[in-house]
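What follows is the residue order along each chain.
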Amino acid sequence: AQSVTQLDSHVSVSEGTPVLLRCNYSSSYSPSLFWYVQHPNKGLQLLLKYTSAATLVKGINGFEAEFKKSETSFHLTKPSAHMSDAAEYFCVVSDQSSGGSNYKLTFGKGTLLTVNP
Amino acid sequence: GAGVSQTPSNKVTEKGKYVELRCDPISGHTALYWYRQSLGQGPEFLIYFQGTGAADDSGLPNDRFFAVRPEGSVSTLKIQRTERGDSAVYLCASSLRALGQGTVRDTQYFGPGTRLTVL
């Protein structure tokens, strides 16, 4: 079975300071890992994904995440927060436990990012 | 190009009524997924279609929930005898994944969701 734990339900930063959103996962197989962002009244948007290639993954809008197998972590970072980054962020895992295919996404509970001026 | 669309965006109904939620996937996407997002939670998987058939419906909570995709494009999620606990945002996603290509890790593109409120 696969699962995801987002360690913070709410993170607040000042504009221009670094962002760190923490995620730990559990998977019995080689997982694919994703970060999605959800702005109010908008659909989920993929920020980045890890699928067993490079462990440091770069995404859109300056975000990146590092896959650390030994720590079962996939934390999301950004060097400098922008006001437009304020949103809900979801860490997501999928693996081949679903009958050999990895279509089933398992979401964390989300981290609400607030950016203060 | 057009993304995944869902209608209606909001649906308010009374306990015991029947509702239908519609999803239009991205053109050419053969895989379609339904998720449910309750307040303060992440989305939870309900059902996955590959083409016209439901390849995995293990996430449907009970037999009041049913989904169809008769022509392999538009899908409808149907909920009978709605209960207050069914209130949530219902999300639809689609991906390119096609049968026979093995474990292709296709990105799922999500629609804006339908907010269902059962009074």
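Just above sits the structure.
Residues numbered from 1 in each chain as written. Chains lettered and ligands numbered in written order. Predicted model: local features only at pLDDT ≥ 70, side-chain atom pairs only at ≥ 80, totals over all residues. Heavy atoms only, no water.

A.B. asks: Hey, could you run me through the nonpolar core in this one?
C.D. replies: Proteins that are soluble and globular tend to have nonpolar side chains buried together. Counting residues in each nonpolar core, the largest one holds 26 residues, and the members touching the most others are W35(A), L48(A), L76(A) and Y89(A). In terms of residues, this core owes the most to one element, strand β10 (residues 87-94) of chain A, which gives four residues. Discounting chain neighbours no more than four positions away, the residues touching L48(A) are L33(A), F34(A), W35(A), V57(A), K58(A), G59(A), F63(A), E64(A), A65(A), F74(A) and L76(A). Judged by nonpolar contacts, the second largest core, of 20 residues, contains L21(B), W34(B), I79(B) and Y90(B). (Core = buried A, V, L, I, M, F, W, Y, C linked by side-chain atoms within 4.5 Å. Buried < 20%, exposed > 50% of the residue type's maximum accessible area, 1.4 Å probe, protein only. Helix = DSSP H or I, 4+ residues; strand = E, 2+ residues; numbered from the N terminus. Contact = heavy atoms within 4.5 Å.)

A.B. asks: How should the pattern of salt bridges be read in this particular structure?
C.D. replies: Should the charged atoms of two oppositely charged side chains come close, the side chains can pair. Tallying each qualifying case throughout the model produces seven salt bridges over all chains. Note that E64(A) and K58(A) form a salt bridge whose closest N and O atoms lie 2.8 Å from each other. The class for E64(A) is partly exposed, based on a relative accessible area of 23%. A relative accessible area of 62% places K58(A) in the exposed class. One salt bridge in this structure joins E83(B) and R64(B), with 3.6 Å as the shortest N-O distance. Note that E83(B) is positioned in the loop between β8 (75-79) and β9 (88-95) and R64(B) in the loop between β6 (53-56) and β7 (65-68), a separation of 19 residues in sequence. Within this structure, R64(B), E83(B) and D86(B) form a network of salt bridges that share partners. (Salt bridge = Lys/Arg side-chain N within 4 Å of Asp/Glu carboxyl O.)

A.B. asks: What's the story with the interface of chain A and chain B in this structure? I'm lost.
C.D. replies: The extent of an interface is frequently quoted as the accessible surface area lost upon association of the parts. Across the contact, 21 residues belong to chain A and 21 residues belong to chain B. The junction of chain A with chain B conceals about 1800 Å² of combined surface from both sides, 50% of it contributed by carbon and sulfur atoms. The interface formed by chain A and chain B includes one salt bridge. The closest approach of N and O atoms between K104(A) and D56(B), which form a salt bridge, is 3.5 Å. Between the two partners, chain A and chain B, sit five residue pairs in polar contact (both at pLDDT 80 or more). Mapped by element, the contributors of at least two residues to the side of chain A that touches chain B are β5 (32-38) and β6 (44-50) of chain A. Of the residues that constitute the side of chain A that touches chain B, the class distribution is seven nonpolar, 11 polar and three charged. (Buried area = accessible area lost by both parts, 1.4 Å probe. Polar contact = N/O pair within 3.5 Å; in protein donor to acceptor, adjacent residues only side chain to side chain. Nonpolar A, V, L, I, M, F, W, Y, C, P; charged D, E, K, R; others polar.)

A.B. asks: I would appreciate a short explanation of the packing of aromatic side chains in the present structure.
C.D. replies: Two aromatic rings, taken as a pair, are described by how far apart their centres are and by the angle between their planes. Tallied over the full model, the rule gives 13 aromatic pairs over all chains. Ring centres of Y50(A) and F67(A) lie 4.1 Å apart, and the angle between their planes is 15 degrees; this geometry places the pair in the stacked category. Highlighted residues: Y50(A) in strand β6 and F67(A) in strand β8 (residues 64-68), separated in sequence by 17 residues. The buried category is assigned to F67(A), whose relative accessible area is 9%. Residues F107(A) and Y35(B) carry aromatic rings whose centres are separated by 5.8 Å and whose planes lie at 75 degrees to one another, so their mutual orientation is edge-to-face. Taken as a pair, F107(A) in strand β11 (residues 106-107) and Y35(B) in strand β4 (residues 31-37) lie in two separate chains rather than in one. Among the residues examined, F107(A) registers a relative accessible area of 9% and is labelled buried. Of the residues examined, Y35(B) reaches a relative accessible area of 0% and is grouped as buried. Three or more aromatic residues joined by ring pairs form one cluster here, namely F34(A), Y36(A), F90(A), F107(A), Y35(B), F45(B) and F110(B). (Phe/Tyr/Trp six-rings, centres within 6.5 Å; stacked < 30°, edge-to-face > 60°.)

A.B. asks: Would you take a moment to explain the sheet that holds strand β3 (residues 19-24) of chain B for this structure?
C.D. replies: Strand pairs in the sheet, formed through backbone hydrogen bonds, run parallel or antiparallel to each other. Residues and elements named next belong to chain B. Across the sheet, four strands lie side by side as β1-β3-β8-β7; this open sheet has antiparallel pairing. Edge strands, defined here as strands with exactly one partner in the open sheet, are β1 (5-7) and β7. Sheet twist, expressed as the mean angle between neighbouring strand axes with direction ignored, is 15 degrees. The sheet contact formed by β1 and β3 spans three bridges and is antiparallel. Following the sheet pairing, Q6 is matched in β3 by C23. (Pairing = 2+ DSSP bridges. Axes fitted to C-alpha atoms, helices over the stretch in contact; angles between N-to-C directions.)

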